[in-house]
Amino acid sequence: MPLASSPSLVPETPADNPASEAEPVLVGTITGAWGLNGQVKVRSHSDDPDRFATGRTVHLDGRPSRIMSSHEAGSAVVIKFDLVADRTHAETMRGVNLTVPPEELEPLPSGSYYHYHLIGLEVHDEAGSRLGAIVEVIFTGANDVYVVRDGKRETLVPALADVIVSVDTDLDRNKMVVRLPEGL
């Protein structure tokens, strides 16, 4: 979701180790079985409208699997994978993560970041005081919120254009500067 004058963010997140771009990127989670033919319901973590298109490949707990068919059903995506034979097998898939290698993500325009790029960033206010590091991104619907933790202290930073001053994901700098609203 693009922000007016701050970085835009895409909610594909790392599956395991957020600091390493070599790790697979979480794009969905199986929430249950659907029908009798091995279809599963998936909660998408992707903004890519073609992420679950027929013919694409995603990894089911690390194993590549081809999407044989897919369609939306409310807030879920119903998918038939080549590796899931029947309802009995589909029922065992609840909670399985769907991932893709980072190199399969669509390139983003300059100033845009996937959430996994932001996890681990050091966050400082404009005066240079360290607030902590981003440990989680919360999806609220209106705007994302970054959970910034420094030991036991936690700060919730809204991902808004007037709050995010700068983002530098270069490994040597790895820093976000914020202008916190009054009261935070």
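No experiment lies behind these values; they were computed from the predicted model shown.

> Before we go on, may I ask you to explain the overall build of the chain in this structure?
Counting its regular elements, the chain contains two helices and 15 strands. Within the chain, the proportion of its 184 residues that are buried is 43%. For the chain, the proportion of contacts with a sequence separation of at least 24, taken over those separated by at least 6, is 50%. Roughly 9700 Å² of accessible area belongs to the chain as shown, and the carbon and sulfur atoms make up 50% of that amount.

> Where do I start with the sheet that holds strand 14 (residues 164-168) in this structure?
What holds strands together in a sheet is hydrogen bonding between their backbones, with the strands either parallel or antiparallel. Ordered in space as 13-12-11-10-15-14, the six strands form an open sheet in which the pairing is mixed. Each of the sheet's edge strands pairs with one partner strand only, and the pair in question is strand 13 (153-158) and strand 14. On average, adjacent strands in this sheet sit at an angle of 30° to one another, irrespective of strand direction. Pairing geometry for strand 12 (residues 144-150) and strand 13, over six bridges, is antiparallel. Its bridge partner lying in strand 13, Val-145 is registered against Pro-158.

> It is not clear to me how the confidence of the model for the chain should be interpreted in this structure. Could you clarify?
A low pLDDT means the predicted coordinates there should not be read in detail. The share of residues in the chain with pLDDT of 70 or more is 88%, and the mean pLDDT across the chain is 84. This model gives residues 1-11 a pLDDT under 50, and the stretch forms 40 contacts once residues within four places in sequence are excluded. Every residue in residues 13-21 scores below 50 in pLDDT, and together they form 21 contacts with partners more than four places removed in sequence or on other chains.

> Quick question: what am I supposed to make of the nonpolar core here?
Note that soluble globular proteins tend to have their nonpolar side chains buried in a common cluster. Counting residues in each nonpolar core, the largest one holds 22 residues, and the members touching the most others are Ile-30, Phe-52, Val-58, Leu-60, Phe-81 and Leu-98. Put simply, the parts of the chain that give this core at least two residues each are strand 3 (25-34), strand 4 (39-44), strand 5 (57-60), strand 7 (76-81) and strand 8 (97-100). Here this core gets four residues from one element, more than from any other, and that element is strand 3. Residues within four places of Phe-81 in sequence aside, it is in contact with Val-40, Val-58, Leu-60, Ser-65, Arg-66, Ile-67, Met-68 and Leu-98. Counting 17 residues, the second-largest nonpolar core is a separate cluster that includes Leu-118, Ile-134, Met-176 and Val-178.

> Just to check I follow, could you spell out the pattern of salt bridges for this structure?
Close approach of charged atoms allows side chains of opposite charge to pair. Enumeration over the complete set of coordinates arrives at nine salt bridges. For the salt bridge of Glu-122 with Arg-130, the shortest nitrogen-to-oxygen distance reads 2.4 Å. Its relative accessible area of 25% is what places Glu-122 among the partly exposed residues. For Glu-126, the salt bridge is made with Arg-179, and the minimal N-O distance between the two is 3.0 Å. Residue Glu-126 is found in the loop between strand 10 (122-125) and strand 11 (130-139), and its partner Arg-179 is found in the segment after strand 15 (175-178); the two are separated by 53 residues along the sequence. The exposure class of Arg-179 is partly exposed, given its relative accessible area of 40%. Sharing partners across several salt bridges, the network here consists of Glu-122, Arg-130, Asp-150 and Arg-153.

> Can you walk me through the environment of Thr-155 in this structure?
Topologically, Thr-155 is positioned in strand 13. Counting along the chain gives 22 residues from Thr-155 to Ala-133, while the straight-line C-alpha distance between them is 9.7 Å. What Thr-155 contacts, discounting residues up to four positions off in sequence, is Tyr-146, Val-147, Val-148 and Leu-180.

Each value, and the rule that gives it
- Residues numbered from 1 in each chain as written.
- Predicted model: local features only at pLDDT ≥ 70, side-chain atom pairs only at ≥ 80, totals over all residues.
- Heavy atoms only, no water.
- Helix = DSSP H or I, 4+ residues; strand = E, 2+ residues; numbered from the N terminus.
- Buried < 20%, exposed > 50% of the residue type's maximum accessible area, 1.4 Å probe, protein only.
- Contact = heavy atoms within 4.5 Å.
- Areas by Shrake-Rupley, 256 points an atom, 1.4 Å probe, with all protein chains shown as cover.
- Pairing = 2+ DSSP bridges.
- Axes fitted to C-alpha atoms, helices over the stretch in contact; angles between N-to-C directions.
- pLDDT = per-residue confidence, 0-100.
- Core = buried A, V, L, I, M, F, W, Y, C linked by side-chain atoms within 4.5 Å.
- Salt bridge = Lys/Arg side-chain N within 4 Å of Asp/Glu carboxyl O.

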